[in-house]
Amino acid sequence: MLRLIRLAKILWIAFRFGLDEFALAADTSGRLARIVNAVLFFRDLSDPRAVRLRQALEALGPIFVKFGQVLSTRRDLLPADLADELAKLQDQVPPFPTELAVAEIERAFGRPLEQVFSNFQAQPVASASVAQVHFASLPKGKGEHAGTPVAVKILRPGMMPVIERDLALMDSGALLIERLFADGPRLKPREIVSEFAKHLYNELDLMREASNCSQLRRNFAGSPLLAVPEVYWDWCAPTVMTMQRMHGTPISQVEKLREQGIDIPRLARTGVEIFFTQVFRHGFFHADMHPGNVFVSPAGQYVALDFGIMGTLTDVDKNYLAQNFLAFFQRDYKRVAQAHLEAGWVPPGTRVDEFEGAIRAVCEPVFDRPISEISFGRFLLRLFQTSRRFNVEIQPQLVMLQKTLLNIEGLGRQLYPQLDLWETAKPFLERWMSEQVGVRGFLRNLKLEASQWATVIPTLPRALHHALERDPAQGVKDQLDRLVLEQTRQTRLLALLVILVAGLALIQALALRWL
């Protein structure tokens, strides 16, 4: 019943703000539009369509606001008036009353606001779909952070019931897609909705967001590429997050950045490097990189904000993606087709040569072009059509990465449309693959496994004793032979590691001496 009520509300808001105008645009005769306008004669449609669309998304709630945020970066797909207006959803969502924010802080920490923060600014500096931010200072007195200027993020109250109903509607819609469309099971829509819901619920826990921020800061510690605020844990709770106050210019204000002397082409290339570093080195990436969440410091360093939605990738995912990206950049479409087959994403009987030809037809037109002439939206659409022909299974764990790629494209178009994404990314991926599968990767894996060998080898006699106790009737000699063989293998590997480490130490010593 609640789902029907919510669905009715969605339809009512859509009609109230005149969103039927978009759905009826294909009706050139205008007959349907005249009928709808006659029935809903009381509507006030004096505002421009872009304003009404933004207002409708705000009225529908946080999930729809996030949808509008993603759309705002797709200027290649939207008219300019819609993209400009939806961009306001990135950091100009109407704030909730300050007294509610203060009440939430006092409830979270169990004491008056004056004892939690000093100089708390009543006017929020930013308001987003799930929270808003106020500037303040930590209490004066003793301690390392006494009087430190901070940014306090407070969760928007009363969100959970609306989000749960919207997610329930999305799940019902996904179920219908699975049942009614032939491609439904392959697309895994319910798994994708489940993945989105997981990230959305994570975003509603500010302690989790604080931990995401702390992890990203640690990953880029000392890096000149990206600055991440410090978290002040004693002033954090599930509904309140306190972090270092950061300074910079929103990345969407390109003209202002130029006035500050920022090298825009270099900034664009750095953004690509940051993205690939997060994805392939760390397997932990910012998955909500719309312009409202990215600033640039006066020194030209990126500043990341809002860590509610983060993506993660396993080593298997990273290796698969890196091989595909590198094969794309090298135009080795046969390797791309083989990688899909090896990963089990296409049926075993698929002909590699046919799949290779289909991928080539999609990819060749986009090479050697700047980002201003490439639409990743259309590119992904063509890839999707190709994957449907060959029954490629959609991977829900990569949905966040796909969303982030679209955000990156939107940022790139605003920042430096002449950016050659392929040439910028290719050297990074080649270097990363060398580190993974080359000599450096081999030595790194040996170092990582050394502690495990040191633990396993001394326990082999005890393992032998337990094995004999469990099944004394079984061939003792066979078990003993297997254990001796395992110990011999481990000992040889350990000896090899010692030799390699000693050799590296000797090379380093000789190099220092010669220098």
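In case you missed it, the structure is sitting above this.
A brief structural summary. For clarity, every value in this text was computed on a predicted model and none was experimentally measured. (Residues numbered from 1 in each chain as written. Predicted model: local features only at pLDDT ≥ 70, side-chain atom pairs only at ≥ 80, totals over all residues. Heavy atoms only, no water.)

For the protein chain, the count of helices and strands is 23 helices and 10 strands. Relative to its 515 residues, the protein chain shows a buried fraction of 44%. Contacts spanning at least 24 positions in sequence make up 69% of the contacts within the protein chain whose residues lie at least 6 apart. Approximately 27,000 Å² of the protein chain is accessible, and the part contributed by carbon and sulfur atoms is 59%. (Helix = DSSP H or I, 4+ residues; strand = E, 2+ residues; numbered from the N terminus. Buried < 20%, exposed > 50% of the residue type's maximum accessible area, 1.4 Å probe, protein only. Contact = heavy atoms within 4.5 Å. Areas by Shrake-Rupley, 256 points an atom, 1.4 Å probe, with all protein chains shown as cover.)

With that settled, consider the side chain of Arg156. By the secondary structure assignment, Arg156 is in the loop between β3 (149–155) and α9 (160–180). Within polar-contact distance, the side chain of Arg156 engages the side chain of Ser127 at 3.1 Å. (Polar contact = N/O pair within 3.5 Å; in protein donor to acceptor, adjacent residues only side chain to side chain.)

Turning next to the packing of helix α15 (residues 315–329) against helix α16 (residues 333–342). Axis separation between α15 and α16 bottoms out at 8 Å; the angle between their running directions is 160 degrees. Between α15 and α16, the crossing angle belongs to the class labelled roughly antiparallel. Here α15 runs over α16; the crossing is left-handed. Together, Tyr320, Gln323, Asn324, Ala327 and Phe328 of α15 and Tyr333, Arg335, Val336, Ala339 and His340 of α16 make up the contact between the two elements. Within the contact of α15 with α16, the residues separate by chemical class into 6 nonpolar, 3 polar and 1 charged. (Axes fitted to C-alpha atoms, helices over the stretch in contact; angles between N-to-C directions. Parallel < 35°, antiparallel > 145°, perpendicular 65-115°, else oblique. Left-handed = near helix turned anticlockwise from the far one by under 90°. Nonpolar A, V, L, I, M, F, W, Y, C, P; charged D, E, K, R; others polar.)

Attention now moves to the packing of α16 against helix α17 (residues 352–363). Two measures define how a pair of helices packs: the angle their axes make with one another and the distance between the axes. Packing of α16 against α17 brings their axes to within 8 Å, and their N-to-C directions diverge by 120 degrees. Considering the angle they form, α16 stands oblique to α17. In this structure, α16 crosses over α17, and the sense of that crossing is right-handed. Across the interface between the two elements, Tyr333, Lys334, Val336, Ala337, Gln338, His340 and Leu341 of α16 pack against Val352, Phe355, Glu356, Ile359, Arg360 and Cys363 of α17. Of the residues assigned to the contact of α16 with α17, the class counts are 8 nonpolar, 2 polar and 3 charged.

Right, let's talk about the pattern of salt bridges for a bit. Evaluation of the coordinates by the stated rule reveals 11 salt bridges. Note that Glu364 is salt-bridged to Arg331, the shortest N-O span being 3.3 Å. In this pair, Glu364 sits in the loop between α17 and α18 (376–389) while Arg331 sits in the loop between α15 and α16, placing the two residues 33 residues apart along the sequence. A salt bridge links Asp353 to Arg351; the shortest N-O distance between them is 2.6 Å. (Salt bridge = Lys/Arg side-chain N within 4 Å of Asp/Glu carboxyl O.)

For the coordinates displayed, the defined rule picks out 0 disulfides. For the unlinked cysteine Cys213, the closest cysteine sulfur is that of Cys236, found at 8.9 Å. (Disulfide = S-S within 2.5 Å.)

A few words on the nonpolar core. Judged by nonpolar contacts, the single largest core of 81 residues is most densely connected at Phe276, Phe280 and Leu415. No other element matches helix α14 (residues 264–282), which puts 9 residues into this core. Beyond its immediate stretch of four places on either side in the chain, Phe276 contacts Arg281, Phe325, Ala425, Phe428 and Leu429. (Core = buried A, V, L, I, M, F, W, Y, C linked by side-chain atoms within 4.5 Å.)

Turning our eyes to something else, we now look at the sheet that holds strand β6 (residues 249–250). With respect to topology, 4 strands assemble into an open sheet ordered β4-β9-β8-β6, the strand pairing being mixed. The open sheet has two edge strands with one neighbour each: β4 (226–227) and β6. The sheet contact formed by β4 and strand β9 (residues 302–304) spans 2 bridges and is parallel. Along β9, the bridge assignment pairs Leu226 with Tyr302. Sheet contacts for α14: β4, β8 (294–296) and β9; angle to β9, the most-contacted strand, approximately 45 degrees. (Pairing = 2+ DSSP bridges.)

Moving on, we come to the sheet that holds strand β2 (residues 131–137). The strand order β1-β2-β3-β5 describes an open sheet built from 4 strands, whose pairing is antiparallel. Both outer strands of the open sheet, β1 (126–127) and β5 (240–244), are each paired with one neighbouring strand and no more. Along the sheet, helix α12 (residues 206–219) makes contact with β3 and β5, crossing β5 at roughly 25 degrees.

On the surface, Leu4, Leu7, Leu11 and Phe15 cluster together to form a nonpolar patch covering roughly 370 Å² of accessible area. Relative to the assigned elements, Leu11 resides in helix α1 (residues 2–16). The class for Leu11 is partly exposed, based on a relative accessible area of 46%. (Patch = residues over 30% accessible without salt bridge, like charges linked within 9 Å, V, L, I, M, F, W, Y side chains within 5 Å.)

With that settled, consider α17. For α17, built from 12 residues, the straight-helix expectation of 16 Å at 1.5 Å per residue is met to within 8% by its first-to-last C-alpha distance of 16 Å. Among all positions in α17, only Phe355, Glu356, Ala358, Ile359, Val362 and Cys363 are buried. Viewed end-on, α17 has its buried residues packed into an arc of 165 degrees, placing them on one side of the element. (Expected span 1.5 Å × (residues − 1). Arc of directions from axis to C-beta.)

So, on to unusual backbone geometry. Although it is not a glycine, Asn119 adopts a positive phi angle of roughly 55 degrees. Within the fold, Asn119 resides in the loop between α8 (113–116) and β1. The phi torsion at Asp306 lies on the positive side, around 65 degrees, for a residue other than glycine. According to the relative accessible area criterion, Asp306 is buried, its value standing at 14%.

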